Amino acid sequence: MATTQPSFAVSPASNPIRFGSFTPQCFVRVSKPPCSRRRLVSTTSFHRKIASGGGLTRCELPDFHLSATATTVAGVTTENTLDQIKIPKGEMWSVHKFGGTCVGNSQRIRNVAEVIINDNSERKLVVVSAMSKVTDMMYDLLRKAQSRDDSYLSALEGVLEKHRLTARDLLDGDDLASFLSHLHDDISNLKAMLRAIYIAGHASESFSDFVAGHGELWSAQMLSYVVRKTGLDCKWMDTRDVLIVNPTSSNQVDPDFGESEKRLDKWFSLNPSKIIIATGFIASTPQNIPTTLKRDGSDFSAAIIGALLRARQVTIWTDVDGVYSADPRKVNEAVILKTLSYQEAWEMSYFGANVLHPRSIIPVMRYNIPIVIRNIFNLSAPGTIICQPTEDDYDLKLTTPVKGFATIDNLALINVEGTGMAGVPGTASDIFGAVKDVGANVIMISQASSEHSVCFAVPEKEVNAVSEALRSRFSEALQAGRLSQIEVIPNCSILAAVGQKMASTPGVSCTLFSALAKANVNVRAISQGCSEYNVTVVIKREDSVKALRAVHSRFFLSRTTLAVGIIGPGLIGATLLDQLRDQAGVLKEEFNIDLRVLGITGSKTMLLSEIGIDLSRWRELLNEKGTEANLDKFTQQVHGNHFIPNTVLVDCTADSGIASNYYDWLRKGIHVITPNKKANSGPLDQYLKLRDLQRKSYTHYFYEATVGAGLPIISTLRGLLETGDKILRIEGICSGTLSYLFNNFVGDRSFSEVVAEAKKAGFTEPDPRDDLSGTDVARKVIILARESGLKLDLTDLPIRSLVPEPLKGCASAEEFMEKLPQYDGDLAKERLEAENSGEVLRYVGVVDAVNQKGTVELRRYKKEHPFAQMAGSDNIIAFTTTRYKDHPLIVRGPGAGAQVTAGGIFSDMLRLASYLGAPS
């Protein structure tokens, strides 16, 4: 059927390419028998540039005999009377696309060939990119030639050597000789063309596209030779002979499906084969001028060809296991998505997700052809299927409406604002007309329904030009006051949540914005289309990663992770760290919570980590790798980890200096948890300021352990108040130390003896006067009073001190303990009087909400009273309210000790995680 002699057709050069000062008048396409190579040459002459004499030498072509009956379409020459073999279409075809990384070296090309061979589809078409980095190398050649940098010659030799070495490793015999011959011819032609560019100092887009597309030609040929060596029927296709596109801008082309389908049929009539290796990235214009599908165009090539063939599926082979729910470089816990709809994939591609070229989805959508994203380096991974969802899939998506998140960085927001915009037709047209005139790309638009303002996001590198154009266009409106401002907000990022039917699912937007608020991320603009496929927000660029992590975590796509800083690794802090160590695995696996300790600091030494401290060795690491303690540096390091959106500092000290930092921490978006009573019982104005900030922000401040260690005292009180109950009186034994002392101050035992026993058992502070003074109880009373709405200060409380007045000035705890027995008589007398009345002594704190006061005192209770039936170091608190007036609500249990106090802090940490999105 095909002619055995080459035939030629002459066509005018409608878009002539200049070689130096010479313009060819037409081109001839040389057409050889099936599977032969076709070369583009000038019918007038082809200028081979040589360095001799610095000039150009004309190299005349041999005479060609043109067939009067021959017609040429993009290099496919057929006789007018030839019956064409139309390419079969349908599900017998499987289309594969292999990116540059997949064919990066000889071994990877062999791996690709093996994948092709193992595909049991009846027919296969394979689209390949240039070898890894080759396209960059080709563009570098162009840049060097245009800038008259002589090193383009050595760079071209590098391109030659890369492919020559690869071919020698893959091929042998006639195949190797044939490929190398063609390769050297191509390099010679490229050298001539680059020499012309060097002389002119400029390359047209056609020249650039012709040069840049050679990498695909070479990789396709080598792969076809490797497949053919196995005995399979395989041809390679120069897609410039088949794919016809119409350039619409410097960065986009539209495929001409009708013409491409005709040319595909004609190509196949000359090259029938069950396996076709096609070049990606490159195509031709309707005038047969070489062009490209622009960057990442090989995906587009595969999609177009898949649509032309009505293929069963198109598989895009990459170096990742599929499409992730978020960028795995930013979100460690990002997961591979099993399926995506075409619309979801398009949205994620547009917003920067590493899915595939956004326009690659459009051709396959027309015929419902699935796209499969797979990893060439991990064949066991099933990958991600992009397809049209069924009705059952829609039902499934109602429970999981958000599929993933993506961000675009380095943007600026432009806000055009003014009362003169409202109701004025054409204002938006004028705004975006000015943007179009400077060639800027608008990423997102948001307009207030009042028409008072329009804001939109553009790439930061284009914002100055856009701003100047708008000020020029609206200069009169600005001067007249119809427009109040054209504001530029730099350093922005866009965060997009993508999912089918997302907007029609109640609560999705609420959850999204709640997650951002709880991560202390401010939203500057919002956009949501009626298509319901995405919700887009503009945020500060510095918050981009934090926001991405926060929303990803909130939608249960990853663990709720908290960056934790522990301040004060003393008795309570050390116990907490050990509890965290023991529970870490359970929290991650069963509750999806990751409490990652990034810092531990004492008064002298601190330990910091970017990824998390190994809590099984924290004591050892603190001693070996600890640095000098610096609270500011500590806070910055723990909070500055943008890969973890939420930070909590846990203050396990009793230091008022540490407590004075709470306000600044909360203002910066750092959550605070503490058993330290100093902040909540300190100066009233500072406490009110702290609580006011907490109420106004989404930053949490938990302090359950300040009153009852691990007992739910604060939460019980809040629960009563929040449900509308009214506090009348709170009374309780809220010191484990003093509870122990008076529970054991019975019979003939002296008070000093019981104190010595408690000190030895570790139930008191190193200096027992700190407990006996009543100040600790007084602070707890102040905290409970303030929680109840009373504005009391420590100075407002009468406190019964158990430290004898003469002993308050003792120089040491030892001196105090030595002299304490001298004063046993007074308390022994009070105990005796109580016993004679059938009562016991108890040291209590009282909040009298009715009379707006509080006291700390030693009181007597009947033996049947709950306070009289205490044992050990238990605490007990009685709430008398309007609901619990006759029978007070009582909370009782261990109220002292490192284990229960640390447990109370731990409970607050888990409550914080729940508020931030962990399953409850």
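What counts as what
Residues numbered from 1 in each chain as written. Predicted model: local features only at pLDDT ≥ 70, side-chain atom pairs only at ≥ 80, totals over all residues. Heavy atoms only, no water. UniProt positions renumbered as here; feature names shortened; annotations may be inferred. Helix = DSSP H or I, 4+ residues; strand = E, 2+ residues; numbered from the N terminus. Buried < 20%, exposed > 50% of the residue type's maximum accessible area, 1.4 Å probe, protein only. Contact = heavy atoms within 4.5 Å. Areas by Shrake-Rupley, 256 points an atom, 1.4 Å probe, with all protein chains shown as cover. Phe/Tyr/Trp six-rings, centres within 6.5 Å; stacked < 30°, edge-to-face > 60°. Core = buried A, V, L, I, M, F, W, Y, C linked by side-chain atoms within 4.5 Å. Pairing = 2+ DSSP bridges. 1 Å grid on protein atoms, 1.4 Å probe; cavity = no way out; pocket = protein on both sides within 12 Å on 5 of 7 lines; lining within 4 Å. Points joined across faces, edges and corners; volume = space filled by probe spheres on them. Nonpolar A, V, L, I, M, F, W, Y, C, P; charged D, E, K, R; others polar. Axes fitted to C-alpha atoms, helices over the stretch in contact; angles between N-to-C directions. Bend = angle between axes of the 7 residues up to and from the residue. Salt bridge = Lys/Arg side-chain N within 4 Å of Asp/Glu carboxyl O. Arc of directions from axis to C-beta. Polar contact = N/O pair within 3.5 Å; in protein donor to acceptor, adjacent residues only side chain to side chain.

- Looking at an unreviewed UniProt entry, one finds the protein chain named ACT domain-containing protein, with Eruca vesicaria subsp. sativa as its source organism.
- Looking at the protein chain in UniProt, the text filed under Function (unreviewed entry) is "Bifunctional aspartate kinase and homoserine dehydrogenase that catalyzes the first and the third steps toward the synthesis of lysine, methionine and threonine from aspartate."
- Quoted verbatim from the Cofactor (unreviewed entry) field of the UniProt record, the comment on the protein chain reads "a metal cation".

## Side note on the overall build of the protein chain
Thinking step 1. Secondary structure assignment for the protein chain yields 32 helices and 37 strands.
Thinking step 2. Going through the 920 residues of the protein chain one by one, you find that 54% of them count as buried.
Thinking step 3. Residue pairs at least 24 apart in sequence account for 71% of intrachain contacts in the protein chain once pairs closer than 6 positions are excluded.
Thinking step 4. For the protein chain, the computed accessible surface area is about 39300 Å², with 49% contributed by carbon and sulfur atoms.

## A look at the packing of aromatic side chains
Thinking step 1. Across all of its chains, the model carries 12 aromatic pairs by this definition.
Thinking step 2. Both rings, one in Tyr-152 and one in Tyr-198, keep their centres 5.6 Å apart while their planes meet at 40°; by these two values the pair is tilted. One end of the pair, Tyr-152, is in helix H3 (residues 152-170); the other, Tyr-198, is in helix H4 (residues 173-200), and 46 residues separate them in sequence. This pair shows no difference in class: Tyr-152 is buried, exactly as Tyr-198 is.
Thinking step 3. Taken together, a centroid distance of 5.6 Å and an interplanar angle of 80° make the contact between Phe-702 and Tyr-915 edge-to-face. Of this pair, Phe-702 sits in strand S32 (residues 701-702) while Tyr-915 sits in helix H32 (residues 898-915), and the two are 213 residues apart along the sequence.

## Digging into the nonpolar core
Thinking step 1. Counting 67 residues, the largest nonpolar core has Leu-741, Phe-742 and Phe-751 as the members making the most contacts within it.
Thinking step 2. For this core, the element with the highest residue contribution is helix H29 (residues 775-787), accounting for seven residues.
Thinking step 3. Beyond its immediate sequence surroundings of up to four residues, Leu-741 is in contact with Phe-751, Val-754, Val-755, Ala-758 and Leu-772.
Thinking step 4. By size, the runner-up hydrophobic cluster in this structure holds 60 residues, among which are Phe-268, Ala-278, Leu-309 and Cys-492.

## Side note on the pairing of strand S31 (residues 670-673)
Side-chain positions along a regular strand alternate between the two faces of the sheet.
Thinking step 1. Judged by which residues are buried, S31 turns out to be covered on both faces: Ile-670 and Val-672 on one side and His-671 and Ile-673 on the other are all buried.
Thinking step 2. Where strand S30 (residues 646-651) meets S31, four bridges bridge the pair, whose relative direction is parallel. Of the residues in S31, the one forming a bridge with Val-648 is His-671.
Thinking step 3. Of the strand pairs in this sheet, S31 and S32 are connected by two bridges, and their pairing is parallel. Bridge assignment links Ile-673 to a residue of S32, and that residue is Phe-702.

## Details of the layout of surface pockets
Thinking step 1. Its boundaries defined by the atoms lining it, the second largest pocket holds a volume of some 1100 Å³.
Thinking step 2. Looking at the second largest pocket, it is lined by 39 residues, and the ones nearest its centre are Ile-572, Ala-654, Lys-677, Glu-765 and Asp-776.
Thinking step 3. Counting only elements with at least two residues in the lining of the second largest pocket, the list comes to helix H17 (571-591), helix H24 (705-708), helix H26 (736-744), helix H28 (769-772), H29 and H32.
Thinking step 4. For the lining of the second largest pocket, the element with the most residues is H29, which contributes four residues.
Thinking step 5. Among the residues forming the lining of the second largest pocket, the class breakdown is 14 nonpolar, 16 polar and nine charged.

## With respect to the sheet that holds strand S29 (residues 627-628)
Thinking step 1. Taken in spatial order, the seven strands make up an open sheet running S29-S28-S27-S26-S30-S31-S32, and their pairing is mixed. Two strands bound the open sheet, and with one partner strand each, they are S29 and S32.
Thinking step 2. Of the strands in this sheet, strand S26 (560-567), strand S27 (593-601), strand S28 (605-608), S30 and S31 touch helix H19 (residues 631-639), which is tilted by about 170° from S26.

## Remarks on H17
Thinking step 1. At Gln-583, H17 shows its strongest bend, of approximately 50°.
Thinking step 2. Buried-residue contacts for H17 involve S26, S27, helix H18 (618-625), S30 and H32.
Thinking step 3. Directly after H17, the chain includes Asn-592, whose backbone phi takes a positive value near 60°.

## Describing the pattern of salt bridges
Side chains that differ in sign of charge can pair as their charged atoms come close.
Thinking step 1. Counting across every chain of the model gives 47 salt bridges.
Thinking step 2. Ionic pairing is found between Arg-164 and Glu-161, a salt bridge with its closest N-O pair at 2.5 Å. In this pair, Arg-164 and Glu-161 both sit in helix H3, three residues apart, roughly one turn of the helix.
Thinking step 3. For Glu-161, a relative accessible area of 30% puts it in the partly exposed group.
Thinking step 4. Taking the shortest distance from any N to any O, the salt bridge between Arg-329 and Asp-327 comes out at 2.9 Å.

## Some words on helix H27 (residues 751-760)
Thinking step 1. Along H27, the residues classified as buried are Phe-751, Ser-752, Val-754, Val-755 and Ala-758. Take H27 and look down its axis: the buried residues cluster within an arc of 160°, on one side only.
Thinking step 2. Against H26, H28, helix H30 (813-819) and helix H31 (824-836) lie the buried residues of H27.
Thinking step 3. Gly-762 sits one or two residues past H27 and shows a positive phi near 85°.

## Overview of unusual backbone geometry
Thinking step 1. In this structure, Arg-148 takes a positive phi of about 55° despite not being glycine.
Thinking step 2. Look at Phe-281: it is not a glycine, yet its phi comes out positive at around 80°.
Thinking step 3. One can find Phe-281 in the loop between strand S13 (275-279) and strand S14 (282-284).
Thinking step 4. Residue classification places Phe-281 among the buried residues on the basis of a relative accessible area of 3%.

## Here's the deal with the environment of Asp-430
Thinking step 1. Of note, Asp-430 is situated in helix H12 (residues 427-437).
Thinking step 2. In this structure the C-alpha to C-alpha distance between Asp-430 and Arg-473, which are 43 residues apart in sequence, comes to 7.8 Å.
Thinking step 3. Excluding anything up to four places from it in sequence, Asp-430 contacts Arg-473 and Phe-474.

## Some details on the side chain of Thr-674
Thinking step 1. Take Thr-674: it is sitting in the loop between S31 and helix H22 (678-681).
Thinking step 2. Judged by relative accessible area, Thr-674 falls into the buried class, the value being 0%.
Thinking step 3. Here Asn-676 takes part through its backbone nitrogen, which lies 2.8 Å from a polar atom of the side chain of Thr-674.

## Describing the pairing of strand S36 (residues 874-881)
Thinking step 1. Counting buried positions along S36 yields eight of eight residues, so the element is predominantly enclosed.
Thinking step 2. Across six bridges, the pairing between strand S33 (residues 727-733) and S36 is antiparallel. From the neighbouring strand, Ile-727 faces S36, where its bridge partner is Thr-881.

## Some thoughts on the sheet that holds strand S20 (residues 404-417)
Thinking step 1. Pairing in this open sheet of six strands is antiparallel, and the strands run S21-S22-S20-S23-S25-S24 from one edge to the other. Two strands in the sheet have a free side with no partner beyond their single neighbour: strand S21 (444-447) and strand S24 (523-528). Taking the axes of each pair of neighbouring strands and ignoring which way they run, one obtains an average angle of 30° across the sheet.
Thinking step 2. Across four bridges, S21 lies against strand S22 (residues 453-459) in antiparallel orientation. Bridging from a neighbouring strand, Met-444 pairs with Ala-457 of S22.
Thinking step 3. Most of the contacts of H12 go to S22, to which it runs at about 15°, and overall it touches S20, S21 and S22.
Thinking step 4. Sheet contacts for helix H15 (residues 508-518): S20, strand S23 (485-498), S24 and strand S25 (534-540); angle to S25, the most-contacted strand, approximately 15°.

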